[in-house]
Amino acid sequence: MTHDVETAAYRLRLPADLPSVLGSFHSFALPEHWPDIIRQVWDHGGKPHDPTWNLPGAKRLNHALRALVPDVLYTGKLGLASADTWLYARQPVDTNLLKRTMQSYLRGWLDTKSDYPKLREAVSALDVESHAEDWHSVDVDPAWVGVNTAGTATVDPVLYRLIPEAVAARILALGKFDDQLSFVQVATDQGAELMSWPPLEHPVKGRGRETTVSRFSAVITIALMTTPFDPGPRLHLGVKIRRWVSSGKLYIPSGSSASVYLRPPTDPAAGPGQTRFAVPYLGYDKKTRANAWKNNGPTGVLAHLTETGRFPDAARISTDPGAYLPPTLGLEAAVTHHTRMTPHAVQTGIMPEERRRILTWAAQALPDAFEPALNLQAVVGRPRIERQYVKRTSIPEEPTPPKKPDPENAEAIAKYADELAEFERKHVVWTVKHPVAVARRADDDATNAGRNRELLLRGTQGTELRVDVVTDTDAVRTALLSAAGNWLGLEPVETGAPEHHVVFREGDLAVRLICHTASRLTSALGNGTHPARGEAHQQAIHDRATFVQQYLEEQEFTSELVLAEILAPKEFTKQGIPRCDPYDAVRQGAARAGRVTQFITTSGDGDLAFRAQAAWADGLRSLGISLVPPHSANPSLPDTIDQVAFWQVRRNVTGTVPKAVWMPIAVLVRPDQARVLAQTPESKGWIPYNQLLCELATAEPHTREFSDAQRQSEAMARFLRVTLPSLKGRPLLLLAEAANLRERWSWLKDSSLEADRISLGETDTMRLATHNKQLRIVRVRTDANRLETPMWWATPRDDEPAGFTKTVLQAEGAGPENRVFYSLAEKSSKLNTHNKAMRKLTRDDTKAPSPDKAAPVPRMIELTVAGLAPSDDDGAATAWATFVHQQRFTADYPEGRELPYALDLCKRAGAYAFPESAQEEEGESAPEVIEFEQGVFDLDLDA
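In the annotation of an unreviewed UniProt entry, the entry for the chain reads DUF3893 domain-containing protein, and the organism field reads Myceligenerans crystallogenes.

> Any chance you could break down the overall build of the chain for me, citing the residues and the numbers?
Each helix and strand in the chain was counted, giving 22 helices and 39 strands. Counting every position in the chain, which comprises 943 residues, the buried fraction comes to 55%. The long-range share in the chain, meaning contacts at least 24 apart out of those at least 6 apart in sequence, stands at 72%. When the accessible surface of the chain is split by element, carbon and sulfur atoms take 49% of a total near 40700 Å².

> Tell me about the sheet that holds strand E28 (residues 677-679), and name the residues and values.
One open sheet accounts for twelve strands, arranged E29-E28-E27-E26-E30-E33-E37-E36-E35-E19-E1-E34; its pairing is mixed. A single partner strand is all that each edge strand has here, and the edge strands are strand E29 (687-688) and strand E34 (792-794). Sitting on the sheet, helix H21 (residues 901-912) is in contact with strand E26 (642-651), strand E27 (661-669), strand E30 (732-737) and strand E33 (775-781), with an inclination near 25° to E26.

> Describe in detail the nonpolar core, supporting the description with residues and values.
When a protein is soluble and globular, its nonpolar side chains tend to lie buried together. Judged by nonpolar contacts, the single largest core of 80 residues is most densely connected at Val511, Leu513 and Trp616. Grouped together as the second largest cluster of nonpolar side chains are 56 residues, Leu18, Leu22, Leu235 and Met791 included.

> How would you summarise the environment of glutamine 461 if you had to cite specific residues and measurements?
Along the chain, the position of glutamine 461 falls in the loop between helix H10 (410-460) and strand E20 (465-471). Classification of glutamine 461 by relative accessible area gives exposed; the value is 65%. Taking the C-alpha atoms as reference points, glutamine 461 and alanine 674, 213 residues apart in sequence, are found 8.0 Å from one another.

> Quick rundown of empty space enclosed by the protein? Include the residues and the values.
The rolling of a water-molecule-sized probe over the atoms marks out the regions of remaining empty space. Scanning all chains against the criterion turns up four cavities of 30 Å³ or more. Quantified by volume, the second largest cavity comes out at close to 50 Å³. Lining the second largest cavity, in full, are Val470, Leu521, Thr522, Val548, Leu552, Val562, Ala564 and Val586. Each residue belonging to the lining of the second largest cavity can be placed in one class, and the counts come to seven nonpolar, one polar and no charged.

> Describe the packing of helix H11 (residues 474-488) against helix H15 (residues 608-621), naming the residues involved and giving the relevant values.
Two numbers describe how H11 lies on H15: the axes approach to 8 Å, and their chain directions differ by 60°. What the angle tells us is that H11 and H15 run oblique. The hand of the H11/H15 crossing is right-handed. Of the residues in H15, those in contact with Ala475, Val476, Ala479, Leu480, Ala483, Ala484 and Trp487 of H11 are Leu608, Ala612, Gln613, Ala615, Trp616 and Leu620.

> Before we move on, can you summarise the packing of aromatic side chains with the specific residues and values?
The final tally for this structure, using the stated rule, is 15 aromatic pairs. Both rings, one in tryptophan 880 and one in phenylalanine 883, keep their centres 5.9 Å apart while their planes meet at 70°; by these two values the pair is edge-to-face. Of this pair, tryptophan 880 and phenylalanine 883 both sit in helix H20 (residues 876-886), separated by three residues, roughly a single helical turn. Of the residues examined, phenylalanine 883 reaches a relative accessible area of 2% and is grouped as buried. Within the aromatic cluster, the residues linked to one another by ring pairs are Phe28, Trp34, Trp86 and Trp135.

> Talk me through the side chain of aspartate 444; I want residue IDs and the actual numbers.
In this fold, aspartate 444 is placed in helix H10. Here threonine 393 takes part through its side chain, which lies 2.7 Å from a polar atom of the side chain of aspartate 444. Apart from residues no more than four positions distant in its own chain, aspartate 444 is found in contact with Val390, Lys391, Arg392 and Thr393.

> Residues and numbers for helix H14 (residues 583-592), please.
With nine of its ten residues buried, H14 lies for the most part within the structure. Buried within H14 we find Tyr583, Asp584, Ala585, Val586, Arg587, Gln588, Gly589, Ala590 and Ala591. Looking one or two residues past H14, glycine 594 carries a phi angle of roughly 80°, positive in sign.

> Quick rundown of H15? Include the residues and the values.
Helix length check: H15, at 14 residues, gives a terminal C-alpha distance of 20 Å against a target of 20 Å (1.5 Å per residue), a fit within 8%. At its buried positions, H15 is contacted by E20, H11, strand E23 (509-517), strand E24 (561-566), strand E25 (596-601) and helix H16 (689-697). Backbone nitrogen of alanine 609 and a side-chain oxygen of the N-cap are separated by 3.1 Å at the start of H15; the cap is aspartate 607.

> Can you break down the pairing of strand E17 (residues 332-335) residue by residue, with the values?
Along E17, one buried face is formed by Glu332 and Ala334 and the opposite face, lined by Ala333 and Val335, is buried too. Relative to E17, strand E14 (residues 257-263) is paired through four bridges, and the arrangement is antiparallel. When the sheet's bridge partners are listed, arginine 263 is paired in E17 with glutamate 332.

> Summarise the packing of H16 against H21; cite the residues concerned and give the values.
Contact geometry for H16 and H21: axes closest at 8 Å, N-to-C directions at 30°. Taken together, the axes of H16 and H21 are roughly parallel relative to one another. Between H16 and H21 lies a crossing of right-handed hand. Here Tyr689, Leu692, Leu693, Leu696 and Ala697 of H16 lie close against H21, whose contacting residues are Leu905, Arg908, Ala909 and Tyr912. Of the residues belonging to the contact of H16 with H21, the class tally is eight nonpolar, no polar and one charged.

> Run through the layout of surface pockets, naming residues and quoting values.
Each pocket or cavity is described by its volume, and for the second largest pocket that value is around 570 Å³. Along its surface, the second largest pocket is lined by 22 residues, and Ser247, Lys249, Met341, Thr342 and Pro343 are the ones closest to its centre. Contributions of two or more residues to the lining of the second largest pocket are made by strand E12 (211-225) and helix H13 (569-574). In the lining of the second largest pocket, the residues fall into nine nonpolar, nine polar and four charged.

> Got a sec to walk through the confidence of the model for the chain? Specific residues and values, please.
When pLDDT is averaged along the chain, the result is 83, and 85% of the positions lie at 70 or above. Low confidence marks residues 916-943, where pLDDT is under 50. Its contacts with residues over four positions away, or in another chain, come to 98 contacts.

> Now, about the pairing of strand E37 (residues 861-867): what can you tell me, with residues and values included?
One face of the sheet, then the other: side chains in a regular strand alternate in exactly this way. The element E37 is extensively covered by neighbouring structure, given that seven of its seven residues are classed as buried. Alignment of E33 against E37, held across five bridges, turns out to be antiparallel. Bridging across to E37, isoleucine 777 finds its partner in glycine 867. Where strand E36 (residues 820-824) and E37 come together, four bridges link them in antiparallel fashion.

> Can you lay out the environment of histidine 885 for me, pointing to particular residues and giving the numbers?
With respect to the helices, strands and loops of the structure, histidine 885 is situated in helix H20. Measuring from C-alpha to C-alpha, the distance between histidine 885 and alanine 825 comes to 8.6 Å, with 60 residues separating the pair along the chain.

> Provide a residue-level description of the sheet that holds strand E6 (residues 136-137), including the pertinent values.
Reading across the sheet, the four strands line up as E4-E5-E3-E6 and stay open at both edges, with antiparallel pairing between neighbours. The sheet is open, and its two edges are formed by strand E4 (72-75) and E6, each paired on a single side. Bridge analysis of E4 against strand E5 (residues 85-89) gives three bridges, and the strand direction is antiparallel. Note that in E5 the partner of threonine 75 across the bridge is leucine 87. Relative to the sheet, helix H6 (residues 159-172) contacts E4 and E5, its axis offset from that of E4 by approximately 160°.

> Account for the side chain of threonine 597, with residues named and values stated.
When you line up the elements, threonine 597 lands in strand E25. Overall, threonine 597 belongs to the buried group, its relative accessible area being 1%. Of note is the side chain of threonine 597, whose polar atom sits 3.0 Å from the side chain of arginine 587. Those residues in contact with threonine 597 that lie beyond four places of it in its chain are Leu561, Val562, Val586, Arg587, Ala590 and Tyr912.

> Give a description of unusual backbone geometry that names residues and reports values.
Here the bond from leucine 14 into proline 15 is cis, since omega is 0°, no more than 30 degrees from zero. Relative to the elements of secondary structure, proline 15 occurs in the loop between strand E2 (9-12) and helix H1 (18-22). Proline 198 follows tryptophan 197 through a cis peptide bond whose omega is 5°. As for its placement among the helices and strands, proline 198 is situated in the loop between strand E10 (192-196) and strand E11 (200-205). Positive phi, normally seen in glycine, also occurs at aspartate 127, with a value near 50°. Among the structural elements, aspartate 127 can be located in the loop between helix H5 (116-126) and E6. Look at aspartate 127 and you get partly exposed, because its relative accessible area is 33%. One non-glycine residue, aspartate 179, adopts positive backbone phi at about 55°.

Definitions and limits used
- Residues numbered from 1 in each chain as written.
- Predicted model: local features only at pLDDT ≥ 70, side-chain atom pairs only at ≥ 80, totals over all residues.
- Heavy atoms only, no water.
- Helix = DSSP H or I, 4+ residues; strand = E, 2+ residues; numbered from the N terminus.
- Buried < 20%, exposed > 50% of the residue type's maximum accessible area, 1.4 Å probe, protein only.
- Contact = heavy atoms within 4.5 Å.
- Areas by Shrake-Rupley, 256 points an atom, 1.4 Å probe, with all protein chains shown as cover.
- Pairing = 2+ DSSP bridges.
- Axes fitted to C-alpha atoms, helices over the stretch in contact; angles between N-to-C directions.
- Core = buried A, V, L, I, M, F, W, Y, C linked by side-chain atoms within 4.5 Å.
- 1 Å grid on protein atoms, 1.4 Å probe; cavity = no way out; pocket = protein on both sides within 12 Å on 5 of 7 lines; lining within 4 Å.
- Points joined across faces, edges and corners; volume = space filled by probe spheres on them.
- Nonpolar A, V, L, I, M, F, W, Y, C, P; charged D, E, K, R; others polar.
- Parallel < 35°, antiparallel > 145°, perpendicular 65-115°, else oblique.
- Left-handed = near helix turned anticlockwise from the far one by under 90°.
- Phe/Tyr/Trp six-rings, centres within 6.5 Å; stacked < 30°, edge-to-face > 60°.
- Polar contact = N/O pair within 3.5 Å; in protein donor to acceptor, adjacent residues only side chain to side chain.
- Expected span 1.5 Å × (residues − 1).
- pLDDT = per-residue confidence, 0-100.

See below:
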């Protein structure tokens, strides 16, 4: 297996030849008097406003312009007092089109036709025609790309949009990929995006003779990024699959929205070229009690610009999502598939070889100013990561006999004879191998169960572990009890004493399962009524939480964990009772009683036994039993290393999330500690991890003290300054995930990082050793669905397809001073049966594509060793990066966690702050409120 890896990352050569990349373009600044006119229309429409706000609906205006006018490259932020550059375009936008767009935008703030005189007055006052000469040719400033004192590239924010847009246009000019895929451009809020169109089709045969068609598209994404201590900005290319809802009634989860990709008809005034796809959102409107276009999209502006009858009807799309596929009356619209909708026949993920082929094809379009940035090699002296569990022996499947042929077909009969002989030969082999494999798997399971008991005994330290098992059906109860027994490798020694108790015991280890009937605990909120929004709904949650708390506190035995059977969120919706999902209420009630919860749905994807095993294992993880892997990264590292990870927990108010929460947390993992510890600003010291989860589940809405970014940043700085000094005296590794924390701890941004220095808040940086001589810092960065880390593939060898690898890597030729590394985890076992050359998007000469096969390729994570101690020698950064890489492989995740252990626990704690149903809404169609800052896109808590 090769450890060499290639990536779709390309560095801008220095000095940057920006004109060759961008070409010529023009800019247009918002006229100074326009914000006053817009404010007057806003006031006339009775809309509340604050003088410091941005222009109302600026996002939808910008989105509409990017969709309608192919020449528009970038739309800047619009403030009520801003005269900064608003539009960047290849050519000046047609004055008449700009005027009609502004008129449509203003019309969105007026409710009745009686307001139209005010609209005409405002449009006249804008006097768009007189500003036709305000377009200016832009001279590219070489200072748009620079280098800071730490050796990291600095980039003017405008380039994060202009360069990807310019590259997207070049890729479009390549024509079709493999002579099969044509691409169109999407008006996005991040980088640039190309989408294969028309959609690809995957026919699926039903149980009868009917054949349904599932549709999907390939998506190429383009993003400009910086990397710590690298003077050259990097362009990242990515590819993914976007699935479309093709049939059936559109289901949109409560409180969520579905993304609709919509291409308006071409306007002759917009000039040559295709219009881009806009992305409005469709969601439930409580006033009309039907799906409607959401206000935060470009729909209103586009609808007013389009002829009557030629704009997609929300009701029609809701009942027939494929109504505009193929185009209807010049309109094209497709709804993205949501993870909580009916299962899609097309699976996500693209194999490395197909990924390599598409991205190397797209890279042909890059100008000469870019060069390949990252050919990676495994670091020297990396340790072998030993599995703490043995790998289960595979059990061979019994061969299937061939089908009998038509007795009148001589050729088929002869072929059948050969197939039957081959089947009999394979079956003989199977009868020998199968019992051996079954026996070996039983031995493997016994060995692994023994390891489970060791870990659990260490975590409980001889105290009986008690678990409440709350179920509604015998099948789920039986599955959970069996899962516990299989995990422990033990038979129950006591049953029914007391009644409904099941006890497992071996030596000092004791586990007691206390079975309950779910009854009112997990039934729909409101007991069959329709809890209203607002206070009534909150009262229903409070009442159920109080009931759950009282019920658990009345039990004779106090437990730490509740395993609860519950209907899937969509099942509550099917009952026709809105806002009756009890997940959050049950979790709150159990948390008030000092218990963490883990849910298992009555019905769901996958085998019940498998789901029960997963629920049992996840429940035990939530108790915070330490699974820190043994340290074998490098003999030069300390034998005992404490790890502290910082995280910000954020929860926005949505249709299913009733209260906003913001809280900084820290998780502490020590190798000599049986349980993981945690801390919050309110905890006044370190508390058990499961207690942290209970506090998050019952967290009160944040006060005004934490209501904006500045206050949150100040609170984070205070938390860091209080927490870190308490950890002096032992070797300490600080871990932080860039996308989660950098907007509240700005030192983590690429532009602020300095090697071996630290800033806790807005203070000046100081030498790390001045703060703590035994402190090291590693910043972790993940893809975050925004190409922050590049797409990758193992370098193909000897005409073999590109494949996978698991290792820690650095740039080819990097020396001991290197501080940036990359971590790759084990490929999913689901990929073991896939041919590495498998295609999902295009047909080759011998085989049709296989879009029905999932390809979950591991994502690359970036490890920046930002701080070392004075005692560290040359090459210590490599040792610490290897240590962090090793922390991804805990006993329960031999294939590798998404993040190193301590950070992964932080992320799981953050997810615990969300209602279970709200977590499941995140998928391909979940809309985001995006804030643009130096190429970083961050969710704004109070947006």
